[in-house]
Amino acid sequence: MTRIPIVGGEIDASQMGRTLMHEHIFVRTPELQEAWPGFMGFDADVAVADAQEKLKKLKAQGIDTIVDMTAPGLGRNIGLISRAVEGTGLQVIVVTGYYTYTDLPFPMKYNGPGKLFNNDPSDSFLVDLFVRDIEEGIEGTGIKAGVVKCCTDMPGVTEDIERLIRAVGKTHLKADVPIMTHSHAKSKRGLDQQRILREEGVDLTRVLIGHSNETADIDYLVALLDAGSYLGFDRCGLKIDEPLEDQQATLAELCKRGYASQIVLSHDRHCTSDWFPEEGVLAALPEWEYGFIQGSLIPGLLENGVTEEQIELMMHKNPVRFFETRSGGGSSSSSETATAAAGA
Ligand SMILES: [Zn+2]
């Protein structure tokens, strides 16, 4: 029995149901919204009402839980998230950590290991912020983060990205929540994340390397899997530079090789974002919508030899096992799911 915090309370991991592991309700740029109210047409009340409709639709499609991967750096605002989730019936896990591809905010340049102030080597300046979200709750609400997140994109492991990954590793060891990442798959950034987290003493089975569907490099993906981590095929329907058919073929191949018990699915879609005009997104990326996984991806996988049992692992049992595992105890259902994977 592992209790998982969600918006509005907590559940047992066994109650997660079908889970999308990497979505966003709101992506915002608070600095710009504050300086120029209405920037990119963002209106909180309109956005909340729109999100409620979209989340209710997800629930109606058979999704029980989503992980809202909106960390600080992406405009996380727990008040807005709570309003959007209320009454939808969806269970939403929220996260801490930080979202950046290169630099942390300016205060981190002056405070921390090797800096002018607050320079203790354990980086309590950064780690304590993340731990506060996990142990006390976010923004004084008591709503606790269930995941700690870091990013490594095309620019690679800059000085601040390395600091962030190490702080995320330290947070995990202190507060025992799993680690989920944003990674740039084409440049194999997941391997850097694994290396640094391993150096911090993290058990890589507690780590999910995100955005791993954006490559067809099976050897890279197998290396991440063989080191023990989960892979997020969590940008389903999003075609940036990898054709959707190829993404599906790569996933089917990994299932065929017996890795379905380490893969989870999601869209990485937002309800509202002030990064892009929604009509532009709909025109440029028509498949990138809630519903793609169940409407297109899963039927395609089933036609290509993936079994119902493997779908059940990726949509349900793997998320449960990922969240219910704690460093003290382990997972009660891991043997059951491993057997299912081996038989599939
Ligand atoms: Zn994301």
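Since this is a predicted model, take the numbers as computed values, not measurements. (Residues numbered from 1 in each chain as written. Predicted model: local features only at pLDDT ≥ 70, side-chain atom pairs only at ≥ 80, totals over all residues. Heavy atoms only, no water.)

Novice: It is not clear to me how the coordination of the zinc ion should be interpreted in this structure. Could you clarify?
Specialist: Distances from the zinc ion to its protein donors, His22 (NE2), His24 (NE2) and Asp268 (OD), fall within 2.1 Å. Mapping the donors of the zinc ion onto the primary sequence gives the spacing H-x1-H-x243-D. Highlighted residues: His22 in strand S3 (residues 19-27) and Asp268 in the loop between strand S10 (263-265) and strand S11 (270-273), separated in sequence by 246 residues. Here the two residues His22 and Asp268 agree in accessibility, since each one is buried. (Donors = N, O, S within 2.8 Å, 3.2 Å for Na, K, Ca; no water. Helix = DSSP H or I, 4+ residues; strand = E, 2+ residues; numbered from the N terminus. Buried < 20%, exposed > 50% of the residue type's maximum accessible area, 1.4 Å probe, protein only.)

Novice: Please clarify how the packing of aromatic side chains should be interpreted in this entry.
Specialist: Each aromatic ring pair is specified by the distance between its two centres and by the angle formed by the two planes. Summed over all chains, the structure comprises five aromatic pairs. Centroid distance Phe322 to Phe323: 5.6 Å. Interplanar angle 85 degrees. Geometry classified as edge-to-face. The class for Phe322 is buried, based on a relative accessible area of 2%. Three or more aromatic residues link up through ring pairs in this structure, and these residues are Tyr99, Tyr101, Trp275 and Phe276. (Phe/Tyr/Trp six-rings, centres within 6.5 Å; stacked < 30°, edge-to-face > 60°.)

Novice: I'm lost on the packing of helix H2 (residues 44-60) against helix H3 (residues 78-85) in this one. Help?
Specialist: Working note: a packed helix pair is described by the angle between its axes plus the distance between those axes. Remark: H2 packs on H3, axes separated minimally by 8 Å, with the N-to-C direction vectors making an angle of 45 degrees. It follows that H2 is oblique to H3 by the angle criterion. In this structure, H2 meets H3 at a crossing whose hand is right-handed. Of the residues in H3, those touching H2 at Ala44, Asp45, Val48, Ala51, Gln52 and Leu55 are Leu80, Arg83, Ala84 and Val85. Classifying every residue of the contact of H2 with H3 gives seven nonpolar, one polar and two charged. (Axes fitted to C-alpha atoms, helices over the stretch in contact; angles between N-to-C directions. Parallel < 35°, antiparallel > 145°, perpendicular 65-115°, else oblique. Left-handed = near helix turned anticlockwise from the far one by under 90°. Contact = heavy atoms within 4.5 Å. Nonpolar A, V, L, I, M, F, W, Y, C, P; charged D, E, K, R; others polar.)

Novice: Looking at this structure, how should I read H2?
Specialist: In an α-helix, one turn spans 3.6 residues; hence positions three or four apart end up facing the same way. With 17 residues, H2 extends 24 Å between its outermost C-alpha atoms, agreeing within 8% with the 24 Å of an ideal straight helix rising 1.5 Å per residue. Restricting attention to buried positions, one finds in H2 the residues Ala47, Val48, Ala51, Gln52, Leu55 and Leu58. Each buried residue of H2 sits inside an arc of 140 degrees when the element is viewed along its axis, so together they form one side. The outward face of H2, more than 90 degrees from its buried face, is lined by the exposed residues Asp45, Val46, Lys57 and Ala60. One or two residues past the end of H2 sits Gly62, with phi positive at roughly 100 degrees. (Expected span 1.5 Å × (residues − 1). Arc of directions from axis to C-beta.)

Novice: Help me understand the nonpolar core, please; the structure alone is not making it clear to me.
Specialist: Judged by nonpolar contacts, the single largest core of 77 residues is most densely connected at Ile25, Leu55, Ile66, Leu251, Leu254 and Met314. Apart from the residues lying within four places of it in its own chain, the contact partners of Ile66 are Leu20, Glu23, Ile25, Leu55, Leu58, Leu90, Gln91, Val92 and Ile93. Grouped together as the second largest cluster of nonpolar side chains are 19 residues, Met21, Ile93, Met180 and Phe322 included. (Core = buried A, V, L, I, M, F, W, Y, C linked by side-chain atoms within 4.5 Å.)

Novice: Honestly, a nonpolar patch on the surface in this entry has me stumped. Any pointers?
Specialist: The grouping of Phe106, Tyr110, Leu116 and Phe117 at the surface amounts to a nonpolar patch, some 510 Å² of accessible area in total. Tracing the chain through its elements places Phe117 in the loop between helix H4 (107-110) and helix H5 (124-135). (Patch = residues over 30% accessible without salt bridge, like charges linked within 9 Å, V, L, I, M, F, W, Y side chains within 5 Å. Areas by Shrake-Rupley, 256 points an atom, 1.4 Å probe, with all protein chains shown as cover. Salt bridge = Lys/Arg side-chain N within 4 Å of Asp/Glu carboxyl O.)

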